[in-house]
Amino acid sequence: MSGVVTKLDSAISRLADLADNPAFPYRQAVIWLSSLQTAWELYVQRRQVPKFSIPFPPPELKDHLKKDTFKKAQAYGRDKITYAMANTVYSFAVSLALVYFGVYASTWDATGRFMARVGLAASRTIVHSLLWMSYLTLIQAVPGIAWSYYYTFVLEEKHGFNKSTVKLFITDTLKTYLLTAAIGLPVLAGFLKIIDIAGKHFVIWLMLFLLGIQLVLQIIFPIFIQPLFNKFTPLPDGELRTRVEALASKLKFPLAHLYVIDGSKRSSHSNAYFYGLPWSKRIVIYDTLIKDSSPAEVEAVLAHELGHWYLSHPTRLILIAQAHLLFTLLVFSIFIHNKALFEAFGFDPRLAVSSPTGGSQPVVIGFILYQLLFEPLDTVVKFFMNSKTRKYEYQADAFAVRLGFKKELGDALIKLHVSNLSSPHSDKLYSAYHHSHPTLPERLRAMDEYTGASWLKLSPQAKKQELTEQHKKED
Ligand SMILES: [Zn+2]
């Protein structure tokens, strides 16, 4: 084990030496990479545009989509893609301006001067880092409010989805900002402090720290945070409650609470989900879903959701996320003291190794610059994650079908699709890149082919074999 650590250490320091080359044009590289990424995003979005001009629905949906609804869905999709493309261009312009005008370095200096004015010692690196991050976040987020205002009150409003009011929008925005600061700033401070204390071997300590934070958030989110935005009412006794409880006990799902959420307060989009600790789970159903579907259809949607739980999909996704985090932090440890990178963005290169004003080295700068450089890599990660979640969706559908919910699930998915005015046609590449779920025609087609015994009767080996075969078929 220690042999592996030593080898990894020397590989990292060799790579770090190679990467710390003043001749390497880091700033230009960031500009080029983010230009390429934007071109790619626009290309993919552009491919989806003509799909909204197809005058007829796909064969799987033609019996379910009224002419009028189909037209509405196409118009909604067209507006959304136009919005998305404008937003892509806008975000690119902002990130380009931040790099081009040296905003990262100038705001670092400005927050340093501010500290001197209010009498805070320059050696308080973590305070400086938090101020800088807050400032950077605010200058990017405040214009973003205009975008989300437009999305809610113009776009969603036009298509009849918006149920929010300006007052609710303002309080939501304020609450989100305050919460982000209340949670994000202490976590960032802890993150920086750990790197400061752990030195060269910060990766493992940071992983443990972030894992702990995720666990704490899992616990406090439903109890303290979500009630700030929505009202959760226990699902009243009746047919639906009886059905859901019976389903949960049949699957041995540790159902502790069953809630209805007032999703209709903001939007008429509908959904259902579960969450919680391994031994105590909550199921939440949107009031909009209950209103639009029969109890049997809601039960079928939940059979799909519980399929995710039964097949350990959330755990698998968490493991993938941890592996991604580990990779990110390891690569960061190559760039953390890169003087060339700091200098390219207008920072004093001495900041890459120590703090000229005393106190600890401001690693936050290295982290942000590193993120700028590696952000385009997220494109690949997004592809990969979506291909994973799409596989899981097929598996959860198969699970529900094998519990005998084929008809109800199909009907419920069609209703959801219709009431959410989801796009009837999807470009293949667009869908592969953007959709975490297969399209409705894909899901209906696949559901027709699921056969075999109920999941609950299969042995672990048989289950594994079935899943492997299903993977092969879908690849
Ligand atoms: Zn699902």
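Residues numbered from 1 in each chain as written. Predicted model: local features only at pLDDT ≥ 70, side-chain atom pairs only at ≥ 80, totals over all residues.

A.B. asks: For this particular structure, what's the right way to read the pairing of strand E3 (residues 272-277)?
C.D. replies: Remark: a regular strand shows side chains that alternate across the two faces of the sheet. The sheet contact formed by E3 and strand E4 (residues 280-286) spans six bridges and is antiparallel. Within E4, the residue paired with Tyr 273 across the bridge is Val 284. Hairpin connection, E3 to E4: the antiparallel pair is bridged by two residues. (Pairing = 2+ DSSP bridges. Helix = DSSP H or I, 4+ residues; strand = E, 2+ residues; numbered from the N terminus.)

A.B. asks: How should I be thinking about the UniProt feature "transmembrane region" (unreviewed entry) in the protein in this particular structure?
C.D. replies: In the numbering used here, UniProt assigns the "transmembrane region" (unreviewed entry) feature to residues 89-108, 129-150, 177-195, 202-225 and 317-336. Segment residues 129-150 splits into 100% helix and 0% strand. End C-alpha atoms: 32 Å apart. A distance of 26 Å separates the end C-alpha atoms of residues 177-195, which is 100% helix and 0% strand. (UniProt positions renumbered as here; feature names shortened; annotations may be inferred.)

A.B. asks: What is the right way to look at helix H7 (residues 202-225) in this model?
C.D. replies: For an α-helix, the turn length of 3.6 residues means that residues three or four places apart are oriented alike. The terminal C-alpha atoms of H7, which comprises 24 residues, lie only 30 Å apart, well short of the 34 Å expected from a rise of 1.5 Å per residue. When the local axis directions of H7 are compared, the greatest deviation, roughly 30°, occurs at Ile 219, which is followed within four positions by the proline Pro 222. (Expected span 1.5 Å × (residues − 1). Bend = angle between axes of the 7 residues up to and from the residue.)

A.B. asks: What am I meant to see in the nonpolar core here?
C.D. replies: One recurring pattern in soluble globular proteins is that nonpolar side chains are buried together. Membership of the largest hydrophobic core comes to 40 residues, with the highest contact counts inside it found for Ile 285, Leu 302, Ala 303, Ala 400 and Leu 409. Of all the secondary-structure elements, those providing two or more residues to this core are helix H3 (67-100), helix H8 (239-251), strand E2 (255-261), E4, helix H10 (295-310), helix H14 (378-419) and helix H16 (440-447). Examining the composition of this core, we find that 13 residues originate from one element, H14, more than from any other. For Ala 400, the residues in contact, after removing those within four places along its chain, are Ala 300, Ala 303, His 304, Gly 307, Phe 405 and Leu 409. (Core = buried A, V, L, I, M, F, W, Y, C linked by C-beta atoms within 7 Å. Buried ≥ 20, exposed ≤ 12 C-beta atoms within 10 Å, placed from the backbone. Contact = placed C-beta atoms within 7 Å.)

A.B. asks: Can you help me understand the sheet that holds strand E1 (residues 232-234) in this one?
C.D. replies: Whether parallel or antiparallel, the strands of a sheet pair through hydrogen bonds between backbone atoms. Pairing is mixed in the open sheet, where four strands are placed in the order E1-E2-E4-E3. With one partner strand each, in any of the chains shown, E1 and E3 form the two edges of the open sheet. Mean inter-strand twist for the sheet, computed between neighbouring axes without regard to direction, equals 30°. In terms of strand pairing, E2 meets E4 through six bridges, oriented parallel. Each bridged residue has a counterpart across the sheet, and for Leu 258 the counterpart in E4 is Ile 283. (Axes fitted to C-alpha atoms, helices over the stretch in contact; angles between N-to-C directions.)

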